[in-house]
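# Residue-level structural notes
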Amino acid sequence: MTASPAISSRFQLRAFALRALPWMPPILLLLFWQWASSTGVLPGRFLPSPRAVLTSFIELSASGELWTHVRVSTVRAFSGFALGGGLGLILGLLTGSFRWAETLLDTTLQMIRNIPPLALIPLVILWFGIDESAKLFLVSLGVFFPVYINTYHGIQSVDRGLVEMGKSYGLSGWRLYREIILPGALPSILVGVRFALGFMWVILIVAETISARSGIGYMTMNAREFMQTDVMVVGILLYALLGKFADLLAKGLERYWLRWHPAYQPAR
Amino acid sequence: MPVTFSSRDGMASQESTTEELHARGVAVTIKDLSIALGGRTVLQNFNVQISRGEFVAIVGRSGCGKSTLLRSIVGLEKPQTGTIAIGSTAGAGKPDVRIMFQDSRLLPWKRILPNVMLGLDRSFLARARQVLAQMDLADRAHDWPAILSGGQRQRVALARALVHDPSLLLLDEPLGSLDALTRIEMQQLIEEIWRSRRFTAVLVTHDVAEAITLADRVILIENGGVGLDETVYLPRPRTRGNSHFAALEEHILGRLLQRRSPAEANPDLAATSGFDV
C-alpha cells in the first residue's frame with residue numbers, strides 16, 4: 001500500500017531529472033565561470049564575470065539601448081529571411097515543377113550557390129555602403145539557397161504513386177498541386193526553412209559587425225572599442241538566445257504543419 | 001485437356017435480381033491493344049470483352065502485363081496501338097472508373113474522411129461518412145492514415161473508390177500486402193459490395209485461389225495475350241473445399257507453371273508457394 005506513492009514519486013523524480021539534465025552542462029559551466037572570475041583565475045580584461053555581464057545586461061535594458069538594438073537586428077533578420085526565403089521558395093517551386101524552368105535556371109543558381117555570401121561583403125559595401133539594404137541583401141542571399149534547394153528537392157521527391165493516384169481521381173493543375181505536391185514537398189521545405197533560420201543570424205552577425213550603425217553586432221563591436229567586455233558578452237549571449245528562439249520557431253512550424261507525419265505523432 | 005464446369009445453380013439464383021442492377025456496370029471492350037514499356041513489348045494485339053457488371057480476374061506471372069493492362073484502362077499508360085472502349089459509345093457522360101492499388105496510396109497529410117473525399121466537394125460529406133461506416137471505419141474518420149493498420153488503410157482506399165459510385169472498379173493486387181486473415185475478410189467485403197452494387201470489376205492478382213473465389217471469369221495473360229479464359233460456374237460465396245474449385249485452381253496453376261522452362265523451374269519453390277504463383 002505504501003509502495004505505490006513511493007514509486008510514483010520516484011517516477012516524478014526521474015521525469016524531473018530527465019527534463020533538468022540538458023540544463024546541467026550550461027549551469028555547471030556558469031558556476032565554474034563565476035568561480036574562476038571571482039578567484040581571479042580569469043582576468044576581467046579577457047572575460048567579465050557572469051555577475052558583471054548580468055549587471056551590464058540590466059543596465060543596458062533599463063536604458064532601452066539594448067532593446068533598440070535587438071529590435072533593429074530582428075527586423076533586419078526577418079525581413080531578409082522573408083525576402084530571400086520567399087524568392088527561394090518561389091524559384092524552388094518553379095524549377096521543381098517545370099522542366100523548362102529547371103533547364104533555364106538550375107545551372108546558374110547552382111553556380112551562384114558556390115559563392116559564400118560573406119565573400120561578397122567588399123562588393124556589397126561598395127554598392128550599398130553601410131545602408132540597411134546591404135544587410136538585407138546579404139541575409140536574403142544567405143537564406144535563399146537553403147530554402148531554394150530544399151524546395152526544389154522536396155518537389156522532385158514527392159511520391160509519384162500519390163501523384164498518379166491523384167490524377168486518376170481527376171485532380172489536375174492547381175488542385176493536384178495544392179492537395180498532393182505541396183504537402184508532399186513540405187517536410188523538405190521545412191528542413192530548408194530551419195537551416196535558413198540558423199544561417200540568417202550568422203550572416204547578420206557578420207554583416208552588422210563589419211558595417212552597421214545599429215544592431216547587436218554594432219553594439220558588440222562598439223563595446224570592443226572601449227574594452228567593455230561585459231557588453232560584448234551580452235551581445236554574444238543575445239545572439240545565442242535569438243538563434244535558439246528562431247530554432248524553436250522552426251520546430252513549432254514543423255510540429256504544426258507536419259502533425260500528420262509519423263515522426264510527430266504522439267506515441268500510442 | 002479442357003476442364004468444364006456445369007454447376008450453374010449459383011448464377012441462376014441471381015439472374016432475376018441482377019438485370020436492373022446491371023445498369024451501374026459498364027462493358028469494357030479492348031481491341032488489338034499493344035503496349036511497350038521501356039522498349040519491351042508487354043501486351044501485343046490483346047483482345048478482351050468484359051460484360052456489364054461482370055467480375056473478371058486477371059492472373060499471370062510477374063511482368064506478364066496484367067498491371068499494365070489495368071493502368072492502360074484507367075489511362076495511366078498510353079497504348080501504342082489498339083482501342084479501349086468503356087461503356088456505350090453513345091457518350092452519356094464519362095463513366096466513372098476508379099482504381100485501387102496494392103499500396104493504399106492514402107494522402108498521409110489528410111485525415112481519413114478528407115482522404116475518402118479526395119476530389120469531391122462538401123456535398124458528398126454524408127455519403128463519405130456512410131461509405132466509411134459500411135467499411136466499419138466510422139470511428140476512424142478523424143485519424144491520420146499513419147496510425148491505421150494495413151488492412152484498415154486498404155478499406156479506406158476502397159471507401160475512397162466507392163464514394164464515387166464507380167461503374168468500373170479496377171483492383172491492382174489490392175490485397176497482396178495483407179496478412180492471410182485480413183485478406184479473406186477483404187475478399188468477402190469486396191464480393192459483398194460488388195454483389196450489392198453490381199459495378200464491373202477487374203481484379204489483377206497473383207493468387208489463383210483469390211481469383212476463383214471472387215471472379216465470374218478468370219483470364220490468364222501469357223506472351224502478351226490471353227492464354228486462358230475460364231468462366232467460373234460456382235455458387236457464391238465460394239469455398240476452397242469445393243472439388244470444382246480445386247480442379248479449376250489446379251488447371252489454372254498448371255497452365256501458369258507450364259510456362260516456366262525446365263532450366264529455371266524450381267520444384268521446391270513451386271511446392272511450398274501454395275496458391276501464390
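Residues numbered from 1 in each chain as written. Chains lettered and ligands numbered in written order. Predicted model: local features only at pLDDT ≥ 70, side-chain atom pairs only at ≥ 80, totals over all residues.

## Here's the deal with the interface of chain A and chain B
- Every contact between the two is made by 15 residues of chain A and, on the other side, 14 residues of chain B.
- Elements that contribute at least two residues to the side of chain A that touches chain B include exactly α8 (160-168) and α9 (173-210) of chain A.
- At 5 residues, α8(A) tops the list of elements feeding residues into the side of chain A that touches chain B.
- Residues that form the side of chain A that touches chain B fall into these classes: 8 nonpolar, 5 polar and 2 charged. (Contact = placed C-beta atoms within 7 Å. Helix = DSSP H or I, 4+ residues; strand = E, 2+ residues; numbered from the N terminus. Nonpolar A, V, L, I, M, F, W, Y, C, P; charged D, E, K, R; others polar.)

## A word on the sheet that holds strand β5 (residues 97-100) of chain B
Residues and elements named next belong to chain B.
- Taken in spatial order, the 6 strands line up as β5-β6-β7-β3-β8-β9 in an open sheet, and their pairing is mixed. Since the sheet does not close on itself, it has two edges, and those belong to β5 and β9 (225-231), each with one partner. Averaged over all pairs of adjacent strands, the angle between strand axes in this sheet comes to 20°, irrespective of strand direction.
- Looking at chain direction, β5 and strand β6 (residues 168-172) are connected through 4 bridges and run parallel. Directly across from I99, in β6, lies its bridge partner L170. (Pairing = 2+ DSSP bridges. Axes fitted to C-alpha atoms, helices over the stretch in contact; angles between N-to-C directions.)

## So, the confidence of the model for chain B
All names here are of chain B.
- Averaged over every residue, the pLDDT of chain B is 83; the share at 70 or more is 82%.
- At the level of individual helices and strands, chain B shows its lowest average pLDDT in helix α1 (residues 9-21), which scores 43, and its highest in strand β3 (residues 55-59), which scores 96.
- Considering only residues more than four positions removed or in separate chains, one finds that residues 1-21, a stretch of pLDDT under 50, has 20 contacts.
- Taken together, the stretch residues 261-277 has pLDDT below 50 and engages in 11 contacts with residues farther than four places along the chain or on a different chain.
- The complex prediction reports pTM at 0.78, with the ipTM value standing at 0.77. (pLDDT = per-residue confidence, 0-100.)

## Some remarks on the packing of helix α4 (residues 65-97) of chain A against helix α7 (residues 132-156) of chain A
Residues and elements named next belong to chain A.
- The interhelical angle for the contact between α4 and α7, taken along N-to-C directions, is 30°, at an axis separation of 6 Å. Here α4 is positioned roughly parallel relative to α7, judged by the angle of their axes. Seen along the crossing, α4 lies across α7 with a hand that is right-handed. (Parallel < 35°, antiparallel > 145°, perpendicular 65-115°, else oblique. Left-handed = near helix turned anticlockwise from the far one by under 90°.)

## Here we look at the environment of A:M219
All names here are of chain A.
- By the element assignment, M219 lies in helix α10 (residues 216-225).
- Measuring from C-alpha to C-alpha, the distance between M219 and M232 comes to 7.6 Å, with 13 residues separating the pair along the chain.
- Apart from the residues within four sequence positions on either side, M219 is in contact with H69, V231 and G235.

## Structural notes on helix α8 (residues 243-258) of chain B
Residues and elements named next belong to chain B.
- Counted at 1.5 Å a residue, the expected span for α8 with its 16 residues is 22 Å, and the 22 Å between its end C-alpha atoms agrees.
- Residues of α8 that are buried include every one of L248, I252 and L256, and no others. Axial view of α8: buried residues confined to an arc of 75°, hence all on one face. Those residues of α8 that are exposed and aimed more than 90 degrees away from the buried face are S243, A247, E250, G254 and Q258. (Expected span 1.5 Å × (residues − 1). Buried ≥ 20, exposed ≤ 12 C-beta atoms within 10 Å, placed from the backbone. Arc of directions from axis to C-beta.)

## Overview of unusual backbone geometry
Residues and elements named next belong to chain B.
- A cis amide bond links R236 to the next residue, P237, at an omega of -10°.
- Its location among the elements puts P237 in the loop between β9 and α8.
- Of note, D136 is a non-glycine position whose phi angle comes to about 65°, a positive value.
- For D136, the position within the fold is in the loop between α4 (125-134) and α5 (150-163).
- Under the C-beta neighbour-count criterion, D136 is labelled exposed, with 12 such atoms within 10 Å.
- Although it is not a glycine, N223 sits at a positive phi angle of roughly 50°.
- Since 13 C-beta atoms lie within 10 Å of it, N223 is described here as partly exposed.

## Quick notes on the nonpolar core
- In terms of nonpolar packing, the biggest core is built from 107 residues, with A:M200, B:I58, B:A159, B:L203, B:A215 and B:V218 touching the most fellow members.
- Considering each element in turn, this core owes the most residues, 15 residues, to α9(A).
- Excluding its chain neighbours within four sequence positions, the residues that come into contact with B:V218 are B:A57, B:V59, B:A211, B:I212, B:E230, B:V232 and B:I252.
- One finds A:L66, A:A212, A:Y218 and A:V231 within the second-largest nonpolar core, a separate group that totals 11 residues. (Core = buried A, V, L, I, M, F, W, Y, C linked by C-beta atoms within 7 Å.)

## As for the sheet that holds strand β2 (residues 40-50) of chain B
All names here are of chain B.
- In space, the 3 strands of this open sheet follow the order β2-β1-β4, with antiparallel pairing throughout. A single partner strand is all that each edge strand has here, and the edge strands are β2 and β4 (81-86). Going across the sheet, the axis of each strand differs from the next one's by a mean of 25°, ignoring polarity.
- Relative to β2, strand β1 (residues 28-37) is paired through 7 bridges, and the arrangement is antiparallel. By the bridge assignment, L33 is partnered in β2 with F46.

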